[in-house]
Each structure stands twice: as structure tokens, then as C-alpha cells.
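Residues per chain, in single letters:
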Amino acid sequence: MMNHFALFDLPVSPNLDLDELQSRYRRLQQALHPDRFANAGERDKLLAMQKTSQLNDAYQTLKQPLSRAEYLLQLQGVDLQHEQQTIKDTEFLMAQMEWRERLETLSSADDPWQAISAAHNDLKQETQALQQAVDSALEDTSQADLEAVAEDIRKLKFLHKLAREIDAIEEQLLDDV
Amino acid sequence: MAYSEKVIDHYENPRNVGGFDKDEHGIATGMVGAPACGDVMKLQLKINDDGVIEDARFKTYGCGSAIASSSLITEWVKGKTLEQAAEIKNTKIAEELALPPVKIHCSILAEDAIKAAIADYKKKQAAS
């Protein structure tokens, strides 16, 4: 199977031109649209469907910096998607515990909306800093310490989980209003 | 997804939630996290001078299976020596709680938490 970057004829890199990715995605999607295959044979219809599903998969993977980085690592033979490995970096995990404790207090804060927005901002900064470190390491995979990059990607997954938790707290609060 | 009765029991009545002062004599702390789901687990053991685990506490942020797995191991490790505790396998935890395959990582988290706590204890012993 063609790699996701080659599918869009884009260079294999963590720094992707997202506008270009989106416009190429739309163009390819149109070319594979079922309407175009209305009069085609069953085999061609099936092929177009398979290609569409591959296209969507590739687009979703490349669109987000975290899944893109994970994919770049996968191209180097490091598969994080199916691993069961735990992380044991105590300092990072302590910080995670503190994050979780902070999240527990959001709804009951004097101004919960302000507390949520502050948490969002802090998390965003932490996430961006880590993502940038990952991306700059992945710019040249031949020089990168892949295990260190993998560990940073694992940490990013925790930060993304926190973001989802904050969103859930916000939604819950909206429901209660 | 349906949780087993044992998972629900531990989830609704978790045993030994909380913590000890990590700097106190004989306290070992194990921290682990599962990137797949973002769960974080802290397990603390109170170990006497004979190397026997007298008490255990946990704090886990995660799904019902992760909380049940940590609650269960705090019961299992009590009265065990460090060597015996180190032998607790995730498969036993998963079996006891009837965890489905997608939740096996919760039992791995619990096993690794015990190992991390024991490693912390040994590190502290070596330093003192």
C-alpha cells in the first residue's frame, strides 16, 4: 500500500502544509466520488470504494499532529498503536495526577468557566511545547532518538486525554445550566 | 460494554483509596500510566522491616476496570512479602475481574504499579 504522504504527493515530514493537504484531499475525493462510477462495472466501483476508505484514513491520520507523528514513527518501524506498554516517568505521572486533581475542582470553582478556560490554555501550551519537540526530532528521522520520540508521543496521548476530560467537564456544565 | 459484577463491586466500593506520606519510613510509591487510554495509577505500599507489606493504598484516574484492578491488588498484596507481591501477574487480575480483551491493559497497569512500587522501595533501601 502506498504511504499516506505519497497518496497526496506530499513530502514525508512532520511539517505539513495543511491547506494543501485539504485541497488535495478534496480533489482526490471528488475523483473517486460514487457518482462518477454510476455506470462503471462492479469491480471499478469496489476499487473506488476501497480507495476512498484509504484516502479518508490517510487524511484523518495526517491532519492531526499527534497521529501524524505516530504515523511517521510507524514508517520507521515503531508501532505505538497496538502496544500495551505503560510509562513510568514518575515526574510526568505526578504532574498528570496534579492535572487530574485540578480537573476535579473545575466545576466547583467560583468561576468555573474561567477555571476551565485557564486549564485549557495551560494544557494547550504544554501540548504545543511537547508536539514541537516531537516534530523537530522527526524532521530528520535518521538523526532522531526514536525511543525518546516514542516516549514523548506516549506523553502527548495523556495530554490529549486531559483535553477530552476538560471538554467533558465543560459539556456537563453546559447541560446543568 | 458490560462490566463484570466484581468490577462493579470494586468500582462502587473501592478498597484502600488514598495515600501515605511518600517520605515516611517503609513507604514505597509506584506510579504508572497507560498511554492507550490516558489512565494514571498511584500505588503505595507500607512495608515493615521484615519486608512484608502491611498495608496498601491507591489512587487511580481511569475507567472502571482500571479502578477495580488497582482496588483488587491493594487487597492481594497485603500480608505478602515483596517477592510474593512481585509474582502477581496481570493475567490473574484479568481472570479474577473477568476483564474483556480490550481492558487487559488495565490489569497490566496494576501489575506494573506493583513492580514500580517495589523498585521504588529498593531504590530507597539502597540510598539509606
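Residues numbered from 1 in each chain as written. Chains lettered and ligands numbered in written order. Predicted model: local features only at pLDDT ≥ 70, side-chain atom pairs only at ≥ 80, totals over all residues. Heavy atoms only, no water.

You'll find chain B entered in an unreviewed UniProt entry as Iron-sulfur cluster assembly scaffold protein IscU, with Idiomarina tyrosinivorans given as the organism. For chain B, the Function (unreviewed entry) comment in UniProt is given as "A scaffold on which IscS assembles Fe-S clusters. It is likely that Fe-S cluster coordination is flexible as the role of this complex is to build and then hand off Fe-S clusters." (UniProt positions renumbered as here; feature names shortened; annotations may be inferred.)

Colleague: Would you mind going over the packing of helix H6 (residues 112–138) of chain A against helix H7 (residues 146–176) of chain A in detail, with residue names and values included?
Modeller: For any two helices packed against each other, one specifies the inter-axial angle together with the distance between the axes. All names here are of chain A. The interhelical angle for the contact between H6 and H7, taken along N-to-C directions, is 160°, at an axis separation of 10 Å. By the angle class used here, H6 and H7 are roughly antiparallel. By crossing handedness, the relation of H6 to H7 is classed as left-handed. Here the contact of H6 with H7 is composed, by residue class, of 19 nonpolar, four polar and five charged. (Axes fitted to C-alpha atoms, helices over the stretch in contact; angles between N-to-C directions. Helix = DSSP H or I, 4+ residues; strand = E, 2+ residues; numbered from the N terminus. Parallel < 35°, antiparallel > 145°, perpendicular 65-115°, else oblique. Left-handed = near helix turned anticlockwise from the far one by under 90°. Nonpolar A, V, L, I, M, F, W, Y, C, P; charged D, E, K, R; others polar.)

Colleague: I'd love a proper account of the interface of chain B and chain A, names of residues and values included.
Modeller: In this complex, chain B contributes 18 residues to the contact, which on the side of chain A involves 17 residues. Both sides of the chain B and chain A interface together cover about 1,600 Å² of buried area, and 69% of this is carbon and sulfur. Of all residues in chain B, B:Met31, B:Pro35 and B:Tyr61 bury the most surface against chain A, accounting for 42% of the area lost on that side. Between chain B and chain A we count two salt bridges in total. When the shortest N-O distance is used, the salt bridge between B:Asp112 and A:Lys88 registers 3.8 Å. Linking chain B to chain A there are five residue pairs in polar contact (both at pLDDT 80 or more). Elements with a minimum of two residues in the side of chain B that touches chain A: strand S1 (27–34), strand S2 (39–47), strand S3 (53–61) and helix H5 (104–127) of chain B. (Contact = heavy atoms within 4.5 Å. Buried area = accessible area lost by both parts, 1.4 Å probe. Salt bridge = Lys/Arg side-chain N within 4 Å of Asp/Glu carboxyl O. Polar contact = N/O pair within 3.5 Å; in protein donor to acceptor, adjacent residues only side chain to side chain.)

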